[in-house]
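Listed here are the chains, written in short residue letters.
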Amino acid sequence: MKEDFNCISVNGNMFSMDMLRRISDLDTGLEGTEPTSYATGENRRSLDSLIGTKWTLALHYWGRLGKQARDGGERSKSRGWIRRLFDECMDIDLGTSTFSTSEGLPDIWREWRGTLWHVVGMDAPLDVRSDAVGSKRVSPHALAQGQLNRSDKHIWGVVSNGLSLRLLRSSNRPSFYEHVEFDLELIFEESHYQDFRLLFLLLHQSRWPKSVREEEDCFLDIWYSASSEAGVSALDELRNCVRSSAECLGSGLVRRAAGNRKLRDRLRDDESTAGELQGELMWLVYRMIFIFVCEDKGVLPLSVIPEDGDEVEMQKARGRYLEAYSTSRRREKLLSTRPDEHSDAYEELKVVMRSLYSGENRLALPGLGSELFSPETTPTTDQGRIGNRDFLRAMKKLCYFRREGNLHKVHWRSLKEEELGSIYESLLEYQAHVDLERGSFELRIGEGNERHSSGSHYTPSELVQHLVESTVEPVLEEVVSTASKATSDEEDEVRRQAKIDAILNLKICDPACGSGHFLVAAVNRIAVELARTDTGEDHPGYGVIQKWKRVVASRCIYGVDLNPLAVGLCKVSIWMNTVGGEQPLSFLDAHIK
């Protein structure tokens, strides 16, 4: 099975990583992946041969034009490199038609077949305003995205500085940002052929609209819709992954061979022990998911050296974690590892979990605190033994699923925070059933389950968006308007700061927050408003929004819930959405209870 892409990142819901993999694999069940649709003959071999030829060309032009543009930083050279890349390798002749914007903003570099392409010099970051862009009023990304959102003729677009390239799509939702980004420099400098293959298959000229007025969906439109529809199915599969993994872990604990005698005695003598074990297993599975996501996003182990830290020791600690304790090294070998009867895999995880609660400099792990990693929430599973056979099987169940007979990998790096809530809600319907003779632990749907007894219900994304639009947005408009009127005679900087202060004085509370779906959406919407106020851009860059998310989470967001696991997951969801590992989970303890 192929590994994840190395030079591609997904922001938002444009295409799931699973959809990108299906495109790259030319999945026959996906419309638009037929070799004939690329006008290259009638079979896959001819298409693969063409991509190989284009790859050789692309490497040549990177060496001849791309590196020259990088070293010189000139906009014209950067545009020359992108033009040649798409002309020679994607059969796209971008022509000479520019697109005029309004309000004195720079023109969009090219309009091509109903799409907008904006390319700037390699010295211009895509999310930063600078003279290199041609205007300090707007960043390259904001310029292109803003024009797409305002236009009724353009749906798709591209923004690039020659080093990175983003595929954009128009959106009418103010807090909704989505794009697929290709690190062109990394692709060609380190020869990542698989990433180039996807670049070709996704952005070849046959994928785009044929004209501005074309009413029929192009392949990008078809794949966009298919990715959204597949998201529901993938979420169901992820729920099954979590349930199956919990069952494997539970069975590993209750088996006679595991030697957890005290646990088996308690299960035999007290019926409530099964429910308690189920609760601890949910904590354990979510800890594993948290670690998977943070490792795959590069948050763990720490890469930022503390002010009083030693760079050499930090690198040693990172190496120690990656070589001996990371779950990623185990996950990479799940399909080829033959488990033995030892229990070192689970013991390694215990070390990591304890370290994430209190911190461990020798492994470059931060102390996150919070109930998610507190030993008080999982006394039984922390003391128990799970053999490698059961533990690695549980890890495999959590990381892979089958669809139509094919094995698919869960892409933890692209896990959305709201998906945690959906998984959490669905698992509340299950009750634990333990068979000590067989050494099995099963989760079955039953009456009187925790979902109904605790009143826990998951709020769908569409309803959450409506709630944000009907509750948060009117309040934002009111406080911004009030601050603007109160400082109407002041200088621009004073007015800007007054608006920021007014927004940050807001307090948003969810009295039944569950796993935080609404609060995460509220953080996103408020952060977008702050980023707009801060930059003066209607469509500020992702990095600016992310900076304000951290501030909003610590200043404006509050929530309570009856279920301790929901409280823990709410903190995790907000943490994953806002920070990069530099703050502990406990920074939300006073806000989420």
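Residues numbered from 1 in each chain as written. Predicted model: local features only at pLDDT ≥ 70, side-chain atom pairs only at ≥ 80, totals over all residues. Heavy atoms only, no water.

(A) Quick peek at a positive patch on the surface. The grouping of Arg-393, Lys-396, Lys-397 and Arg-402 at the surface amounts to a positive patch. Per element, the largest residue contribution to the positive patch is three residues, and it comes from helix 14 (residues 388-399). Tracing the backbone through its elements, the reader meets Lys-397 in helix 14. (Patch = residues over 30% accessible without salt bridge, like charges linked within 9 Å, V, L, I, M, F, W, Y side chains within 5 Å. Areas by Shrake-Rupley, 256 points an atom, 1.4 Å probe, with all protein chains shown as cover. Salt bridge = Lys/Arg side-chain N within 4 Å of Asp/Glu carboxyl O. Lys, Arg positive; Asp, Glu negative; His and termini not counted. Charge placed at Lys NZ, Arg CZ, Asp CG, Glu CD. Helix = DSSP H or I, 4+ residues; strand = E, 2+ residues; numbered from the N terminus.)

(B) Examining the packing of helix 19 (residues 517-535) against helix 21 (residues 564-578) more closely. The interhelical angle for the contact between helix 19 and helix 21, taken along N-to-C directions, is 25°, at an axis separation of 9 Å. Here helix 19 is positioned roughly parallel relative to helix 21, judged by the angle of their axes. For the crossing formed where helix 19 meets helix 21, the hand is right-handed. Contacts from Leu-519, Val-520, Val-523 and Asn-524 in helix 19 reach Cys-570, Ser-573, Ile-574, Asn-577 and Thr-578 in helix 21. (Axes fitted to C-alpha atoms, helices over the stretch in contact; angles between N-to-C directions. Parallel < 35°, antiparallel > 145°, perpendicular 65-115°, else oblique. Left-handed = near helix turned anticlockwise from the far one by under 90°. Contact = heavy atoms within 4.5 Å.)

(C) View of the packing of aromatic side chains. The final tally for this structure, using the stated rule, is 20 aromatic pairs. On the basis of an interplanar angle of 85° and a centroid distance of 5.6 Å, the ring pair of Trp-81 and Phe-188 is categorised as edge-to-face. Taken together, the residues Trp-81 in helix 3 (residues 75-90) and Phe-188 in helix 5 (residues 184-189) connect sequence positions 107 residues apart. Considered together, Trp-81 and Phe-188 belong to a single accessibility category, that of buried residues. Judged by centre distance (5.3 Å) and plane angle (45°), the ring pair of Trp-117 and Trp-208 falls under tilted. Taken as a pair, Trp-117 in strand 3 (residues 115-119) and Trp-208 in the loop between helix 6 (193-203) and helix 7 (219-254) lie far apart in primary sequence, 91 residues in all. Accessibility classification places Trp-117 together with Trp-208 in one group, the buried group. Taken together through their ring pairs, the aromatic side chains of Trp-55, Trp-62, Trp-81, Phe-188, Tyr-193 and Phe-196 make up a single cluster. (Phe/Tyr/Trp six-rings, centres within 6.5 Å; stacked < 30°, edge-to-face > 60°. Buried < 20%, exposed > 50% of the residue type's maximum accessible area, 1.4 Å probe, protein only.)

(D) Region of interest: helix 10 (residues 311-324). Relative to the 20 Å expected for 14 residues at 1.5 Å per residue, helix 10 spans 20 Å between its end C-alpha atoms, a close match to the ideal helical length. Within the sequence span of helix 10, burial applies to Met-314, Ala-317, Arg-318 and Tyr-321. Within helix 10, the buried residues cover an arc of 100° as seen down the axis, which keeps them to one side. Among the exposed residues of helix 10, those pointing more than 90 degrees away from its buried face are Val-312 and Glu-323. (Expected span 1.5 Å × (residues − 1). Arc of directions from axis to C-beta.)

(E) Here's a closer look at a negative patch on the surface. Negative charge collects at one region of the surface, where Asp-489, Glu-490, Glu-491 and Asp-492 lie side by side. As for its position among the elements, Glu-490 is in the loop between helix 17 (461-486) and helix 18 (492-504). You can call Glu-490 partly exposed: its relative accessible area is 44%.

(F) Looking closely at the nonpolar core. Ranked by internal contacts, the top residues of the largest apolar core, which has 107 residues, are Ile-289, Phe-391 and Trp-412. Examining the composition of this core, we find that 15 residues originate from one element, helix 9 (residues 272-296), more than from any other. If near-sequence neighbours (up to four positions away) are discounted, Ile-289 is found in contact with Val-242, Leu-398, Trp-412, Leu-415 and Leu-420. Membership of the second largest hydrophobic core comes to 56 residues, among which are Leu-30, Trp-109, Phe-196 and Phe-200. (Core = buried A, V, L, I, M, F, W, Y, C linked by side-chain atoms within 4.5 Å.)

(G) Structural view of empty space enclosed by the protein. Applying the stated criterion across every chain, the model contains four cavities of 30 Å³ or more. Space inside the largest cavity adds up to approximately 40 Å³. Elements with a contribution of two residues or more to the lining of the largest cavity: helix 11 (327-331), helix 12 (344-358) and helix 14. Sorting elements by how many residues they give to the lining of the largest cavity places helix 12 first, with three residues. Of the residues belonging to the lining of the largest cavity, the class tally is five nonpolar, two polar and two charged. (1 Å grid on protein atoms, 1.4 Å probe; cavity = no way out; pocket = protein on both sides within 12 Å on 5 of 7 lines; lining within 4 Å. Points joined across faces, edges and corners; volume = space filled by probe spheres on them. Nonpolar A, V, L, I, M, F, W, Y, C, P; charged D, E, K, R; others polar.)

(H) Examining unusual backbone geometry more closely. Following Leu-300, the chain continues to Pro-301 via a peptide bond in cis, the omega torsion being -5°. Position of Pro-301 relative to the elements: it lies in the loop between helix 9 and helix 10. Here Ala-364, not a glycine, exhibits a phi torsion of approximately 55°, which is positive. By the secondary structure assignment, Ala-364 is in the loop between helix 12 and helix 13 (379-383). In this structure Ala-364 comes out as buried when scored by relative accessible area, which is 3%.

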